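# A structural walkthrough
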Amino acid sequence: MIIKNRVMHTPEGMRDLYGKSLQDRRALMKRIHDVFESFGYSDIETPTIEYFDVFSSDIGTTPSNELYKFFDRDGNTLVLRPDFTPSVARAAAMHFADSDFPLRLSYEGSTFVNSAEYQGRLKESRQMGVELIGEDSAEADAEIIALTCRMLLASGLKEFQVSVGEVNFFKALADKSGLDEESTETVRELISNKNFFGVAEVLDGTKAAPEVKEAMQKLPQLFGSAEIFDAAEAFALGKREKSAVARLRRIHEILCGKGLDRYVSFDFGLLSKYNYYTGIIFSAFTYGTGEPVARGGRYDLLLGHFGRENPAVGVGLYIDQLTSSLIRQGIPYGR
Amino acid sequence: MSQKRYLTIALTKGRLAHDTLELFERIGVNTAGAMDKKTRKLIFTNEELGLRFFLAKGPDVPTYVYYGAADIGIVGRDTIIEENKKLYEVLDLGYGKCRMCVCGPASARKYLEGGDQIRVATKYPNIAKDYFYRRKNQTVEIIKLNGSIELAPIVGLAEVIVDIVETGSTLRENGLEVLEEVLDLSARMVVNQVSMKMQNDRITELITRLRNELSKNI
């Protein structure tokens, strides 16, 4: 009998997992889940399929053309979830009484992003993460960053850096600059690519005040350990920028107290194309993978989209990126 | 960082690599014989500074850097835009200056004004698409070629081409001219996101030294 090749293969970006590599992966995920529990988080499951509106462009998540979309019987657009945070925010807004807050929720499952580029990146990838909903404080931010460090240590990684930024520093400057939405987006991208000569080029033709231009050009270089706070303060023109720096200082103090400061650095040029971030934002980097192994941040307005305003902060860990960096660093991660 | 790691630098084969190695020599970095044209070695190591160099084809340089196989890459801005990978673009090296242009015979100029569906041949389909679709709002058919792009309008494969123009002599010899300018180009230094965080001190120091050397010439 001839079996057509097509049905023997998984579609591009999808894969089978079995045997030892699956056992090792399960063991790794168990250790990470233990960290979630030790911080007092309890599991939540949300559906794989959600209405398109949960991930729409006003919420500012994955670009629409990278979502797997289809229709239900009534013609509503549905999507396979590209990330968990909006789903968990929706569920939190829907199901919990005021007295339940602050909520500590953890999740794990597959996410689906139909990225067109040929980059060997999986289209179905496994994520684990937590959301702390109902608390706006440096303590809450620091808790999530500490949890990120703890779970990476539990995975077996020894060398990694969690790079932390604060989007308000840039947002305040962007408001002051009077740039339109499109130029703001261009500048945001240039800053997050550390392309400061590009930033200078774009700003040259605009009417932004010279001190705003100078601060924006400085942003891509404002990264490093705690000593950059003083430099950042020198470019903090208004109250919003000053309080962004103060917040990061406070987070740094708390992390020092926990002995985790050596895993953490700061980067005022760290920005995200996910529009929902409103405060701290961070990425965790390690050797052996071109992309961050975990990403997170504060999203105080997201729950408002689902009818219940509440501050929140969270982190998502990319299990496939993590296992590939553990393998490349020669760190066994099974039992 | 317990064990010593190499800082790996991917260079674009050809003139760009030559100019870059010369620049490194000027800031006192011994480039370990990478300039020797006769050698068949693929990778060159400077043990004392913990640096490694290798040569790659232009479009592959962003790929090596994106995956972290190289920490740093030296590559033209055209390639960075065309490949569109998430990289830190930290330094304009100033050399390798040229322009990305729409070129063709003078008689093709009329096609760029009207709404005719024309064919555009190029090695840079993403840049060409972005220019015609987003900046000019003109629907065109893009044909990807891998070299000797100037041939396309001569033999009638396409009405115009989008290509790099340095002096314009190849164009003139073939009866073509620059019709519109798309982008200014030069050599850039790109850095892997992870390397920038994990080896910040070494990379920042290298960038600062290169920047100081470059500013001497202006």
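Since the structure is predicted, the reported quantities are computational estimates derived from the model, not experimental observations.

## Looking at the nonpolar core
Counting residues in each nonpolar core, the largest one holds 86 residues, and the members touching the most others are Ile145, Val164 and Leu317 of chain A. In terms of residue count, the dominant contributor to this core is helix α4 (residues 138–155) of chain A (9 residues). Setting aside chain neighbours within four positions, we find isoleucine 145 of chain A in contact with Val162, Val164, Ile251, Leu255, Val264 and Phe282 of chain A. Within the second largest apolar cluster, 34 residues are counted, among which are Ala17, Phe54, Val90 and Val191 of chain B.

## Some thoughts on the sheet that holds strand β4 (residues 77–80) of chain A
All names here are of chain A. With respect to topology, 3 strands assemble into an open sheet ordered β2-β4-β3, the strand pairing being antiparallel. Either end of the sheet is taken by a strand with one partner, and the two such strands are β2 (49–51) and β3 (69–71). Mean inter-strand twist for the sheet, computed between neighbouring axes without regard to direction, equals 40°. As judged from the 3 bridges shared by β2 and β4, these two strands associate in the antiparallel manner. Bridging from a neighbouring strand, glutamate 50 pairs with valine 79 of β4.

## Regarding the interface of chain A and chain B
Between chain A and chain B, the residue contacts involve 15 residues of the former and 15 residues of the latter. Among the secondary structure elements, those contributing two or more residues to the side of chain A that touches chain B are β7 (160–166) and β10 (280–286) of chain A. A class-by-class count of the residues in the side of chain A that touches chain B yields 3 nonpolar, 10 polar and 2 charged.

## Structural notes on α4 of chain A
For an α-helix the count is 3.6 residues per turn, leaving residues at separations of three or four pointing the same way. All names here are of chain A. Counted at 1.5 Å a residue, the expected span for α4 with its 18 residues is 26 Å, and the 26 Å between its end C-alpha atoms agrees. Taking burial as the measure, the 18 residues of α4 include 13 buried ones, the bulk of the element. Looking at the residues trailing α4, positive phi occurs at glycine 156, about 110°.

Thresholds, definitions, all that
- Residues numbered from 1 in each chain as written.
- Chains lettered and ligands numbered in written order.
- Predicted model: local features only at pLDDT ≥ 70, side-chain atom pairs only at ≥ 80, totals over all residues.
- Core = buried A, V, L, I, M, F, W, Y, C linked by C-beta atoms within 7 Å.
- Buried ≥ 20, exposed ≤ 12 C-beta atoms within 10 Å, placed from the backbone.
- Helix = DSSP H or I, 4+ residues; strand = E, 2+ residues; numbered from the N terminus.
- Contact = placed C-beta atoms within 7 Å.
- Pairing = 2+ DSSP bridges.
- Axes fitted to C-alpha atoms, helices over the stretch in contact; angles between N-to-C directions.
- Nonpolar A, V, L, I, M, F, W, Y, C, P; charged D, E, K, R; others polar.
- Expected span 1.5 Å × (residues − 1).

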